[in-house]
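# Structural overview for review
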Amino acid sequence: MAGYWDGPEGEECPRRTWLTTRVGAAAGLVGAAYRIILLQPGSALAALQRAAADSVTMATLGAVFGLTTCLSAEIREEPEDPLNYFIGGCITGAVLGARAHSYMTGTTACLGFGITAALMKIGNKEGWRLTGPPKL
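Before going into details, it helps to say that this report is about the structure given with it.

## What to know about the pattern of salt bridges
One pass over the structure, following the stated rule, counts seven salt bridges. Residue E78 is joined to R76 by a salt bridge in which the shortest nitrogen-to-oxygen separation is 3.8 Å. Salt bridges sharing partners connect three or more residues here, namely E9, R16, E80 and K121.

Right, dumping it as structure tokens:
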């Protein structure tokens with residue numbers, strides 16, 4: 001997500017939302033490709049419908065996350081607070097639960113996405129690295 005971390009949080013909400021939407025759509029396309037390969041549909045039209053549904057769902061989740069984190073930072077006037085990312089992840093999980101018509105899916109996704117997003121923000125602030133040599 002090149003460019004997402006550039007600049008202060010809570011500003012340029014349309015640009016940040018567009019970036020997260022693009023990442024969500026790309027993840028949806030990759031996931032749809034795996035799903036179509038592993039669970040082969042009966043026709044090309046069914047495969048296209050699956051790919052479109054998966055991609056649109058993931059793009060929507062990305063847009064909800066980007067918009068919620070940015071607006072939360074703007075409204076709360078605490079742009080660097082990881083709670084903004086928890087809120088964004090939680091709302092995204094709730095949308096996924098609504099899409100699945102399942103309270104349990106929404107609750108679990110809310111907590112999972114929220115905690116993951118907050119940890120990602122904390123890690124970015126503190127300079128955590130997933131790859132490369134350790135920072136001493």
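Having seen it, we continue.
## Some remarks on the environment of P133
In this fold, P133 is placed in the segment after helix 4 (103–126). Residue classification places P133 among the exposed positions, given a relative accessible area of 58%. When the C-alpha atoms of P133 and A44 are compared, they prove to be 46 Å apart, with 89 residues separating the residues in sequence.

## Details of a nonpolar patch on the surface
On the surface, V30, Y34, I37, L38 and L39 cluster together into a nonpolar patch covering about 590 Å² of accessible area. Here Y34 is to be found in helix 1 (residues 13–38). Take Y34: its relative accessible area is 56%, and that puts it in the exposed class.

## Some words on the state of the cysteines
For the coordinates displayed, the defined rule picks out two disulfides. Here C90 is linked by a disulfide to C110, with a sulfur-sulfur distance of 1.7 Å. Given an S-S torsion of about -60 degrees, the disulfide between C90 and C110 has left-handed geometry. Residue C90 is located in helix 3 (residues 82–100), and its partner C110 is located in helix 4; the two are separated by 20 residues in the primary sequence. Pair check on accessibility: C90 and C110 agree, each one buried. Bonded cysteines in the protein are paired 1-2, 3-4 when counted in the order they occur along the chain.

Conventions we followed
- Residues numbered from 1 in each chain as written.
- Predicted model: local features only at pLDDT ≥ 70, side-chain atom pairs only at ≥ 80, totals over all residues.
- Heavy atoms only, no water.
- Salt bridge = Lys/Arg side-chain N within 4 Å of Asp/Glu carboxyl O.
- Helix = DSSP H or I, 4+ residues; strand = E, 2+ residues; numbered from the N terminus.
- Buried < 20%, exposed > 50% of the residue type's maximum accessible area, 1.4 Å probe, protein only.
- Patch = residues over 30% accessible without salt bridge, like charges linked within 9 Å, V, L, I, M, F, W, Y side chains within 5 Å.
- Areas by Shrake-Rupley, 256 points an atom, 1.4 Å probe, with all protein chains shown as cover.
- Disulfide = S-S within 2.5 Å.

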